[in-house]
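So you can see what is in the structure, the chains are spelled out below.
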Amino acid sequence: MPQTDVLIIGSGIAGLSFAIKVAQRFPHRQVTVITKADEGESNTKYAQGGIAVVQDSITDSFEKHIDDTLRAGDGLCDRAVVEMVISEAPDRLREMMEWGVSFDRNTSGALNLGREGGHTASRIVHYKDVTGLQIEKGLLKRVNAMPNITLLSHHFAIDLITEHHFKHKIIQPEPGITCYGAYVMDQHTCRIEKYVSRITLLATGGAGQVYRTTTNPLIATGDGIAMAYRAMARVSDMQFVQFHPTAFYDPEDNPAFLISEAVRGAGAYLRTKDGERFMFTYDDRGEMASRDIVSQAIDNELITRGDQVVYLDCSHLPKKDFVEHFPNIAEKCLAKGIDITREMIPVAPAAHYLCGGIDVDPDSRTSIANLYACGECSRTGLHGANRLASNSLLEALVYSHRCFLEVENKLEGIPVNDAIPDWNAEGTVVPQEQILITHTRKELRDLMSDYVAIVRSNERLQRAMKRLDILYHETEKLYDESVLSPQLCELRNLITIGFLITKQSLEQKENRGSFYNKDLVTS
Ligand code: FAD
Ligand code: SIN
């Protein structure tokens, strides 16, 4: 039985930054990070725009960043959380730079700041248009140099270990549930082992793969949220799914390639195929409105005109500066046959970020004892109904630090439970028909994209619920009978995510931020 002091599930910015802090503070304690793909594969790796951090005291202030975040969140942010995250941001950024992660600087040596939708000042710290890759590489380098961190790639967390597994079956959330670690599959051997730990951190990221078109990589299947929900943790705000307005339109791509919002921040225009700029009809900030507004506007243009795409036009911008700031975007578009210095980029909205997730308090505590959550799988109250661009890498950093401070005083006092049963696979057989898994996954993505996407209606949500119920029962039966595979576990988790998004959409009584049901009157 692998035993560790701290179990971290996920190797994106949330998991790795927590691992570094806790391993540094407790050199005699063992920290284990498990991750289901290659060590760097994560939403973090693909982040383009950057991290929102107030830097320039002449043109910017904490108050302005706070106001922008509250406005984007459409009245549903927790103000105390917003103030806390934004005021702690400079310290967390400095710390990451001390760990060896560097960002673009201007000729006078100051951090070069970009601008994105919903921001009233330039405050996006970035590394060209590959900020996430730069962060992920820097954090992994640090983690791999620390002797008391074990990083296990291709290890898939199947379920959290709680009283459910050895005491009694719990059917309602109740106080007193404790987490003792997780059951984890080594994907090389297919063995499922129990990883028993004092504390467990879920840092499993988002769930964009529940939709047909998403900017999220294949790992984003909402596993942590589904595991926490099964263990009876509180999960909320799942109805607030953020669609990014500008993903490169290519129906064959999964994930869809993102054209960063920083491109509009640099001055690019959105146009219909007739060349008409349309954003000022929807918002007086034009292309710089927050992304819920821009995505809903594009969706409306596409439906009204019967088009598949709108266009992002960068051709009027200074070519050299533009390509220097966005080399990856320029290169990827060129590979797809578009020279962005001359031609317009075909774009359409894509599922991008989950504002809801596992409820945590300001110290990253979930409603289950000794279980913490950070990053995109968590719901902190920072984003409300719509996340302000580039606030999520920041949220992950601030909350992994707060989680560390919380755990720092507790870790030594938490015992390791040595009475955990082994994983029970009795009576299961290897499924003969993989098509049962692949087809259901396709069906789920289509159903969520057609019925529970940017614009929803009561009829579509109710239909979605009925179909999800069928997929749930079919897949639970398959799960109970089968020797497990990551594909089957991901499908089961995605169905839970689809169910939570749909159920919480039906419960949402007014249109706010990224949530729009055409049968509700907008307040
Ligand atoms: P992730 O980075 O997604 O890491 C999750 C980890 O959990 C992965 O290692 C994964 O393999 C692992 N995992 C998941 N399930 C399991 C399991 N069952 N078992 C084991 N391991 C598991 N935000 C910004 O603030 N600024 C940006 O510029 C920006 N740009 C973005 C661009 C793109 C294309 C995308 C997709 C997102 C962008 N975001 C941006 C959002 C931001 O990148 C994410 O919200 C953030 O990186 C999430 O970090 P995380 O550590 O919570 O999760
Ligand atoms: C982008 O670069 O447009 C993504 C920024 C974000 O998701 O915060």
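Before reading on, note that the structure itself is shown above.
So, here is what we can say about the structure in this document.

## Observations regarding empty space enclosed by the protein
Okay, so step 1: Within the structure shown, the criterion is met by three cavities of 30 Å³ or more.
Okay, so step 2: Considering only enclosed or pocket space, the largest cavity measures out at about 70 Å³ in volume.
Okay, so step 3: Lining the largest cavity are 13 residues, with Ala207, Gly208, Val241, Tyr353 and Leu354 positioned closest to its centre.
Okay, so step 4: Residue assignment for the lining of the largest cavity shows that the elements contributing at least two residues are strand S12 (241–248) and strand S15 (345–354).
Okay, so step 5: In terms of residues, the lining of the largest cavity owes the most to one element, S15, which gives four residues.
Okay, so step 6: Of the residues that constitute the lining of the largest cavity, the class distribution is eight nonpolar, four polar and one charged.

## Observations concerning the sheet that holds strand S1 (residues 6–9)
Okay, so step 1: Read across the open sheet, the five strands follow the order S6-S2-S1-S10-S17; overall the sheet is parallel. A strand with exactly one partner marks an edge of an open sheet, and here the two such strands are strand S6 (149–152) and strand S17 (371–373). Along the sheet, successive strands turn relative to each other by an average axial angle of 20°, direction set aside.
Okay, so step 2: Two elements, strand S2 (residues 31–34) and S6, share four bridges in a ladder whose sense is parallel. Looking at the pairing, Thr32 lines up with Thr150 of S6.

## What about the site of ligand 2?
Okay, so step 1: The environment of ligand 2 is formed by Gln48, Gly49, Glu116, His244, Leu258, Ser260, Glu261, Arg291, His352, Arg387, Ala389 and Ser390.
Okay, so step 2: Measuring from an oxygen atom of ligand 2, one finds a backbone N or O atom of Gly49 at 2.9 Å.
Okay, so step 3: For ligand 2, an oxygen atom lies 2.7 Å from a polar atom in the side chain of Ser260.
Okay, so step 4: Grouping the constituent residues of the shell around ligand 2 by class yields two nonpolar, six polar and four charged.

## What to know about the pattern of salt bridges
Okay, so step 1: Counted by the stated rule, this structure contains 45 salt bridges.
Okay, so step 2: Linking Asp422 and Lys194 is a salt bridge whose minimum nitrogen-to-oxygen distance equals 2.8 Å. Taken together, the residues Asp422 in the loop between helix H11 (392–408) and helix H12 (435–451) and Lys194 in strand S9 (residues 191–196) connect sequence positions 228 residues apart.
Okay, so step 3: The buried category is assigned to Lys194, whose relative accessible area is 13%.
Okay, so step 4: We note a salt bridge from Arg342 to Asp339, for which the minimum N-O separation is 3.2 Å.
Okay, so step 5: Linked through salt bridges whose partners overlap, the residues forming this network are Lys21, Glu88, Arg92, Glu95, Asp363 and Arg402.

## Quick notes on the site of ligand 1
Okay, so step 1: Near ligand 1 you find 38 residues, and of these Thr44, Gly50, Asp223, Glu376 and Ser392 are the closest.
Okay, so step 2: Contacts to ligand 1 include Lys36, whose backbone N or O atom sits 3.1 Å from a nitrogen atom.
Okay, so step 3: A distance of 3.4 Å separates an oxygen atom of ligand 1 from a polar atom in the backbone of Ala203.
Okay, so step 4: Among the secondary structure elements, those contributing two or more residues to the shell around ligand 1 are helix H1 (13–25), helix H2 (43–46), strand S7 (155–161), S15 and H11.
Okay, so step 5: Class assignment of the residues belonging to the shell around ligand 1 gives a composition of 13 nonpolar, 20 polar and five charged.

## Comments concerning helix H10 (residues 327–335)
Okay, so step 1: By the burial criterion, the buried members of H10 are Asn328, Ile329, Ala330 and Cys333.
Okay, so step 2: In this structure, the buried residues of H10 make contact with S12, helix H7 (261–265), helix H9 (319–325) and S15.
Okay, so step 3: Positive backbone phi, approximately 90°, marks Gly337, located one or two places after H10.

## Section: unusual backbone geometry
Okay, so step 1: Put simply, Asn254 and Pro255 share a cis peptide bond, and its omega is 0°.
Okay, so step 2: The topology assignment puts Pro255 in the loop between S12 and H7.
Okay, so step 3: Unusually for a residue other than glycine, Cys190 sits at a positive phi of about 65°.
Okay, so step 4: Following the sequence through the fold, Cys190 ends up in the loop between strand S8 (181–186) and S9.

Rules used throughout
- Residues numbered from 1 in each chain as written.
- Chains lettered and ligands numbered in written order.
- Predicted model: local features only at pLDDT ≥ 70, side-chain atom pairs only at ≥ 80, totals over all residues.
- Heavy atoms only, no water.
- 1 Å grid on protein atoms, 1.4 Å probe; cavity = no way out; pocket = protein on both sides within 12 Å on 5 of 7 lines; lining within 4 Å.
- Points joined across faces, edges and corners; volume = space filled by probe spheres on them.
- Helix = DSSP H or I, 4+ residues; strand = E, 2+ residues; numbered from the N terminus.
- Nonpolar A, V, L, I, M, F, W, Y, C, P; charged D, E, K, R; others polar.
- Pairing = 2+ DSSP bridges.
- Axes fitted to C-alpha atoms, helices over the stretch in contact; angles between N-to-C directions.
- Near = heavy atom within 4 Å.
- Polar contact = N/O pair within 3.5 Å; in protein donor to acceptor, adjacent residues only side chain to side chain.
- Salt bridge = Lys/Arg side-chain N within 4 Å of Asp/Glu carboxyl O.
- Buried < 20%, exposed > 50% of the residue type's maximum accessible area, 1.4 Å probe, protein only.
- Contact = heavy atoms within 4.5 Å.

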